[in-house]
Amino acid sequence: MRNTNSYDIAVLGLGAVGSMAAWRAAARGARVIGFERYDIAHAHGSSHGGSRIFRQTLFEGTEYVPLVNRARPLWNRLERESGAALFQVSGGLCIGPEDSALIANALASARIGGFEHELLEPDELAGRFPQHAAIPEDFAVFEPGAGVLDPEACIRAAVRLATGHGAEIAPRTEVTAIEHDESGVSIRTGADSFRARRAIVATGAWFTDLLPDLALPLKVQRSPLVWFTGADRPAYRPERFPVFIRRSGELDGWGIPDVDGNGVKIGAGPSAPKPWLQRPEDNGYPIDERDTDPVEKFCAAAFPGLNPVAASAAPCMNSRTTDRDFVLGVTRRAPSLVLAGGFSGHGFKHASASADVCVDLALDGASDVPLSRFSPDRFSSGQGEGQ
Ligand SMILES: Cc1cc2nc3c(=O)[nH]c(=O)nc-3n(C[C@H](O)[C@H](O)[C@H](O)COP(=O)(O)OP(=O)(O)OC[C@H]3O[C@@H](n4cnc5c(N)ncnc54)[C@H](O)[C@@H]3O)c2cc1C
């Protein structure tokens, strides 16, 4: 049995947030070890499928603006320092009725964050982006700086940089148990045990497995990635087809341009039925029509120019909180753990910043980013329940 006592930070899970946390912590001079149960950048969690939307029009709430403000320069830095191509600009659209929460919140976040944006009236939307089915009431907030991150490339780049800064990385190594007290964390991986001053828990869909005593109200939901193609493929490339979120009554979905020749990636929005999973491992079954039917229905109604039969599809999953806000912070019940989970289907764009905030908390005990909306203790005080 190996028994090592001298780590500043252990990172549990090296997906979107954990890989970035290992990079940020090692770059700041911490002695870091990172554990990943699968290979680096695998397809069993929440961060695969070649593309994720990056946008700063954050209809989820203006409390996310400080996070995205920190995320954007970190993605640029990851790209610069790794030399990998990670981000493609496509612009972004939030489409819905003028008086909808989607449009109001997208505008509010763009104004507060000072992000470049335009409000498009229905005829401008139809004229500039004719790929979308026109609805006379639909406005759009257009954000020219939005685009597409490549999740697997981001994770690989962050792990490479972390290693370059001296982090020890342990792929195919499952953390099987942790014990924590004020002085630090003991980590078991099968026969080996490790000790660190702080652990960043970034285990995605497995988030609650290592934290049963915290009783966080998270559930895991299967959420498929589905690709569509059409006759005019150039019309759906990033130069002409922005990433989008659409909430127009029954038209409820999101999409990403064809960045890699596989087609437009489309998802049905929160109103579509998606199965809850007892355990993340239950997501291993193949795609079937329960996955593709709601997305094909959305595609048929939203895109007259696309063939509404899925060209390809893959399972993915979300770890969801009851209020769909992140869990990001430290709880008084586990002061040596920094918790980063429950990203509820909108966490990738913020992953670089969420990770950096975790490192602030692990090394300095505080962060400049306001975190009260994401507090792990909000559930125990009764807030955020009821969905
Ligand atoms: C269909 C779909 C589309 C999405 N689209 C977008 C989008 O366009 N834009 C956006 O911003 N967000 C999007 N999201 C959300 C985003 O992808 C997730 O919020 C984010 O990837 C979650 O990152 P994570 O680090 O929490 O989880 P993961 O990246 O899954 O990482 C968790 C890691 O922990 C490892 N692990 C777990 N348990 C252990 C253990 N015991 N020991 C060692 N390792 C362990 C796992 O193997 C995994 O690698 C989407 C999500 C889905 C499902």
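These numbers were taken from a predicted model, which means no experiment stands behind them.

Points about empty space enclosed by the protein
Move 1: If you walk through the whole model with that rule in mind, you get 4 cavities of 30 Å³ or more.
Move 2: In this structure, the largest cavity spans a volume of roughly 60 Å³.
Move 3: In terms of lining, the largest cavity is formed by Pro224, Ala268, Ala272, Pro273, Lys274, Pro275, Arg290, Asp291, Pro294 and Val295.
Move 4: In terms of residue count, helix 6 (residues 289–302) provides more of the lining of the largest cavity than any other element does, 4 residues in total.
Move 5: Of the residues assigned to the lining of the largest cavity, the class counts are 7 nonpolar, no polar and 3 charged.

Considerations on the site of the ligand
Move 1: Neighbouring the ligand are 34 residues; Glu36, His42, Ser47, Ile53 and Lys349 lie closest to it.
Move 2: In the model, an oxygen atom of the ligand is placed 2.9 Å from a nitrogen or oxygen of the Ala16 main chain.
Move 3: Within the contact set of the ligand, a nitrogen atom lies 2.9 Å away from a backbone nitrogen or oxygen of Val175.
Move 4: Among the secondary structure elements, those contributing two or more residues to the shell around the ligand are helix 1 (16–27), strand 3 (52–54) and strand 20 (317–321).
Move 5: Considering only residue class, the shell around the ligand consists of 15 nonpolar, 14 polar and 5 charged.
Move 6: When residues of the shell around the ligand are assigned to domains, at least three map to each of domain 1 (7–47 + 152–217 + 323–378) and domain 2 (90–145 + 224–315).

Observations regarding the packing of helix 2 (residues 65–82) against helix 5 (residues 151–164)
Move 1: Interhelical geometry of helix 2 versus helix 5 gives an angle of 65° and a closest axis separation of 10 Å. Taken together, the axes of helix 2 and helix 5 lie roughly perpendicular to each other. As helix 2 packs across helix 5, the resulting crossing turns out to be left-handed. Residues Trp75, Leu78, Glu81 and Ser82 of helix 2 form the contact with helix 5, whose own contacting residues are Cys154, Ala157, Ala158, Arg160 and Leu161.
Move 2: Residue classes in the contact of helix 2 with helix 5 are distributed as 6 nonpolar, 1 polar and 2 charged.

A word on the sheet that holds strand 13 (residues 218–222)
Move 1: Strand order in the open sheet made by the 3 strands is 18-13-20, with antiparallel pairing throughout. Each edge of the open sheet is held by one strand with a lone partner, namely strand 18 (276–277) and strand 20.
Move 2: As paired strands, strand 13 and strand 18 are joined by 2 bridges and run antiparallel to one another. Paired with Gln221 across the two strands is Trp276, which belongs to strand 18.

Thoughts on unusual backbone geometry
Move 1: Phi is positive for Ala215, which is not a glycine, with a value near 45°.
Move 2: Structurally, Ala215 is set in the loop between strand 12 (192–201) and strand 13.
Move 3: Positive phi outside glycine occurs at Arg324, with the angle close to 65°.
Move 4: With respect to the secondary-structure elements, Arg324 resides in the loop between strand 20 and strand 21 (327–329).

Some details on the domain arrangement of the protein
Move 1: Here the protein is described as being made up of domain 1 (7–47 + 152–217 + 323–378) and domain 2 (90–145 + 224–315).
Move 2: Each of domain 1 and domain 2 was reduced to a C-alpha centroid, and the two centroids are 30 Å apart.

Examining helix 7 (residues 351–364)
Move 1: When the terminal C-alpha atoms of helix 7 are compared, their 19 Å separation across 14 residues agrees well with the 20 Å that a helix rising 1.5 Å per residue should span.
Move 2: Here helix 7 lies mainly inside the structure; 12 of its 14 residues are buried.
Move 3: Turning to helix 7, its buried residues number three or more, namely Ala351, Ser352, Ala353, Ser354, Ala355, Asp356, Val357, Cys358, Val359, Asp360, Leu361 and Ala362.
Move 4: One or two steps after helix 7, the chain reaches Gly365, where phi turns positive at roughly 80°.

A look at helix 1
Move 1: The end-to-end C-alpha separation of helix 1 is 17 Å, in line with the 16 Å expected for 12 residues at 1.5 Å each.
Move 2: Those residues of helix 1 lying buried are Ala16, Val17, Gly18, Ser19, Met20, Ala21, Ala22, Trp23, Arg24, Ala25 and Ala26.
Move 3: A positive backbone phi angle near 95° is found at Gly29, which sits one or two residues after helix 1.

Observations regarding the layout of surface pockets
Move 1: Counted as a void, the second largest pocket has a volume near 240 Å³.
Move 2: Together, 13 residues line the second largest pocket, and Glu250, Asp252, Pro294, Lys297 and Phe298 are the ones closest to its centre.
Move 3: Top contributing element to the lining of the second largest pocket by residue count: helix 6, with 4 residues.
Move 4: Broken down by class, the residue content of the lining of the second largest pocket amounts to 7 nonpolar, 3 polar and 3 charged.

Some thoughts on the pairing of strand 7 (residues 138–143)
Move 1: Of all 6 residues in strand 7, 6 are buried, a share of seventy percent or more.
Move 2: Because side chains alternate across strand 7, one face comprises the buried residues Asp138, Ala140 and Phe142, and the other comprises Phe139, Val141 and Glu143, equally buried.
Move 3: Both strand 5 (residues 92–97) and strand 7 contribute to a ladder of 6 bridges, which runs antiparallel. Residue pairing across strands places Leu93 opposite Phe142, the latter belonging to strand 7.
Move 4: Both strand 6 (residues 118–120) and strand 7 contribute to a ladder of 3 bridges, which runs antiparallel. Bridge assignment links Leu120 to a residue of strand 7, and that residue is Ala140.

Quick notes on the sheet that holds strand 14 (residues 225–228)
The strands that make up a sheet are held in pairs by hydrogen bonds between backbone atoms, and each pair lies either parallel or antiparallel.
Move 1: The 8 strands lie next to each other as 6-7-5-15-16-17-14-19, forming an open sheet whose pairing is mixed. Each edge of the open sheet is held by one strand with a lone partner, namely strand 6 and strand 19 (312–314). Geometrically, the sheet is characterised by an average inter-axis angle of 20° between neighbouring strands, direction not taken into account.
Move 2: As paired strands, strand 5 and strand 15 (residues 243–248) are joined by 4 bridges and run parallel to one another. Its bridge partner lying in strand 15, Cys94 is registered against Ile245.
Move 3: Against the sheet, helix 3 (residues 101–113) touches strand 5, strand 6, strand 7 and strand 15, its axis set at about 140° to strand 5.
Move 4: Across the face of the sheet, helix 6 comes into contact with strand 14, strand 15, strand 16 (251–256), strand 17 (264–268) and strand 19 while running at roughly 110° to strand 17.

What counts, and where the lines are drawn
- Residues numbered from 1 in each chain as written.
- Predicted model: local features only at pLDDT ≥ 70, side-chain atom pairs only at ≥ 80, totals over all residues.
- Heavy atoms only, no water.
- 1 Å grid on protein atoms, 1.4 Å probe; cavity = no way out; pocket = protein on both sides within 12 Å on 5 of 7 lines; lining within 4 Å.
- Points joined across faces, edges and corners; volume = space filled by probe spheres on them.
- Helix = DSSP H or I, 4+ residues; strand = E, 2+ residues; numbered from the N terminus.
- Nonpolar A, V, L, I, M, F, W, Y, C, P; charged D, E, K, R; others polar.
- Near = heavy atom within 4 Å.
- Polar contact = N/O pair within 3.5 Å; in protein donor to acceptor, adjacent residues only side chain to side chain.
- Domains from an automatic or database assignment.
- Axes fitted to C-alpha atoms, helices over the stretch in contact; angles between N-to-C directions.
- Parallel < 35°, antiparallel > 145°, perpendicular 65-115°, else oblique.
- Left-handed = near helix turned anticlockwise from the far one by under 90°.
- Contact = heavy atoms within 4.5 Å.
- Pairing = 2+ DSSP bridges.
- Expected span 1.5 Å × (residues − 1).
- Buried < 20%, exposed > 50% of the residue type's maximum accessible area, 1.4 Å probe, protein only.

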